[in-house]
Amino acid sequence: MKVAVMGAGGVGGTYGVRLAEAGHEVHIIARGAHLAAIREKGLRLEGVRGEAVIRPASATDDPRAIGPVDLVLFAVKLWDTEPAAALCRPLLGPESVVLTLQNGVDGPAILSRVLGSRAVMAGATSIFATIAAPGVIRQPDPVQRIIFGELDGRTTPRAEAIRAAGEGAGIEMILTDRVWVELWRKFVYLTALSGLTCYTRGPIGPVRENPETRRMLEDAMAEAIAVGRAKGIPLPANLLEERMGLALGLAPTMRASMLHDLDHGNRLELPWLSGAVLRMGEETGVATPTHRQIVEALQPFVDGARRAPG
């Protein structure tokens, strides 16, 4: 399978290396110091599953140099969705798939608007990996799971081919006919975790141990669930209990990736996480006071604000 990785950070970089290890033709689309390092030394993945390297790596900032592929793994930050989607046009043939593995629930609609819904599949991934240095991805946790499917719920030969390719690369691949439910299941969980760990500027442990912030965590999930149901997503009746149980089982040191961005003065995905809950709540008439509180507290940092030295 010929694969292009659009957004070779923790998610795209890890899966790109895994697919290349399994013998697939993988092309990395990157920029800046990350691209320069990949061209010079390859793309290296290190962590609990051992070390792997794509060397030499096919890496470029111009998708036209790659041409049509079977699969685009689309893993850019949410604010880059529309311009990155436009860059994907030279990568598409009649049966090409752009599989979005982004956070949030807005990505598939944006990609469909730019590229046409026929080219788009949606996925929710469970993985913890980050760029440790230019050209280096660190994966401290062994989980690498993708739940994905066609937007209309059909099971198609191209979806089966993607599942087989991922499984052959050691990725847990779950093909579903209810991909929107799966996207919202992750969204409910992620918006609450990212929101509360950023709001408190700390890991999940103290959030759970303090009665007030634990209640905020549960309220944030409940608000997102209510918004999802108002949008017509048939979310399970026990979803709140299930998602809270998952949060309570996390290591107390767990820090959401958005908190990493906040700590480093990077731009935040807030408008597409708690901000999206707030926006969709206003559209559907569902009150979302917890997410409003999170958005208002973090708004000064949404575009990035590096700390002064000293």
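Above this text is the structure in question.
To keep things clear, this report deals only with the structure shown in the data block. Since this is a predicted model, take the numbers as computed values, not measurements. (Residues numbered from 1 in each chain as written. Predicted model: local features only at pLDDT ≥ 70, side-chain atom pairs only at ≥ 80, totals over all residues. Heavy atoms only, no water.)

Right, let's talk about the sheet that holds strand β4 (residues 52-54) for a bit. Strand order in the open sheet formed by four strands is β4-β3-β10-β9, and the pairing between neighbours is mixed. Looking at which strands have only one partner, the edges of the open sheet turn out to be β4 and β9 (130-133). Ignoring strand direction, the axes of neighbouring strands in this sheet form an average angle of 30°. Here β9 pairs with strand β10 (residues 136-139) via three bridges, running antiparallel. In the strand pairing of β10, I131 is matched with I137. Where helix α1 (residues 10-21) meets the sheet, its contacts fall on β3 (43-47), β4, β9 and β10, and the angle it forms with β4 comes to roughly 85°. Each of β3, β4, β9 and β10 is contacted by helix α2 (residues 32-41), which is oriented at about 95° to β3, the strand it contacts most. (Pairing = 2+ DSSP bridges. Helix = DSSP H or I, 4+ residues; strand = E, 2+ residues; numbered from the N terminus. Axes fitted to C-alpha atoms, helices over the stretch in contact; angles between N-to-C directions. Contact = heavy atoms within 4.5 Å.)

Okay, the pairing of strand β1 (residues 2-6) next. By the criterion of burial, β1 is predominantly enclosed, with five of the five residues buried. Judged by which residues are buried, β1 turns out to be covered on both faces: K2, A4 and M6 on one side and V3 and V5 on the other are all buried. With five bridges connecting them, β1 and strand β2 (residues 25-29) associate as parallel partners. Looking at β2, one finds that V3 is bridged to V26. What joins β1 to β2 is α1, and the crossover it makes is right-handed. One ladder, built from four bridges, connects β1 with strand β6 (residues 71-74); its direction is parallel. Bridge pairing in β6 places M6 opposite F74. (Buried < 20%, exposed > 50% of the residue type's maximum accessible area, 1.4 Å probe, protein only. Right-handed = clockwise from strand over helix to strand, strands pointing away.)

Here the focus is the pattern of salt bridges. All told, the structure shown has 21 salt bridges when counted by the stated rule. One salt bridge connects E46 with R138, and the closest N-O pair in it is separated by 2.7 Å. With E46 in strand β3 and R138 in strand β10, this pair connects stretches of sequence that are 92 residues apart. Overall, the relative accessible area of 41% leaves R138 in the partly exposed class. (Salt bridge = Lys/Arg side-chain N within 4 Å of Asp/Glu carboxyl O.)

Closest axis-to-axis distance for the helix α6 (residues 179-200)/helix α11 (residues 274-284) pair is 9 Å, and the angle between their directions is 115°. Taken together, the residues of α11 that come into contact with α6 (itself represented by W184, F187, T191 and G195) are S274, A276, V277 and M280. The residue inventory of the contact of α6 with α11, partitioned by class, reads five nonpolar, three polar and no charged. (Nonpolar A, V, L, I, M, F, W, Y, C, P; charged D, E, K, R; others polar.)

Looking now at unusual backbone geometry. Among all residues except glycine, the phi angle is most often negative; among peptide bonds, the trans geometry is most common. In the segment running from R55 into P56, the intervening peptide bond is cis, with an omega of -5°. Tracing the chain through its elements places P56 in the loop between β4 and β5 (58-60). Located in the positive-phi region is R201, a residue other than glycine, with phi close to 60°. You can see R201 is positioned in the loop between α6 and α7 (204-209). Its relative accessible area of 39% is what places R201 among the partly exposed residues.

Right, let's get into empty space enclosed by the protein. Taken as a whole and assessed by the stated rule, the structure comprises three cavities of 30 Å³ or more. If you add up the space inside the largest cavity, you get close to 70 Å³. Looking at the largest cavity, the residues that line it are M1, L19, L71, L73, L99, I146, I162, A165, G166, I171 and M173. Put simply, the parts of the chain that give the lining of the largest cavity at least two residues each are β6 and α5 (157-168). In terms of residue count, the dominant contributor to the lining of the largest cavity is α5 (three residues). Grouping the constituent residues of the lining of the largest cavity by class yields 10 nonpolar, one polar and no charged. (1 Å grid on protein atoms, 1.4 Å probe; cavity = no way out; pocket = protein on both sides within 12 Å on 5 of 7 lines; lining within 4 Å. Points joined across faces, edges and corners; volume = space filled by probe spheres on them.)

Attention now moves to the pairing of strand β11 (residues 144-150). Taking burial as the measure, the seven residues of β11 include six buried ones, the bulk of the element. Relative to β11, strand β8 (residues 120-127) is paired through seven bridges, and the arrangement is antiparallel. Paired with G123 across the bridge in β11 is F148. Of the strand pairs in this sheet, β11 and strand β12 (residues 172-175) are connected by four bridges, and their pairing is parallel. Note that in β12 the partner of I147 across the bridge is I174. Crossover handedness for the path β11 to α5 to β12: right-handed.

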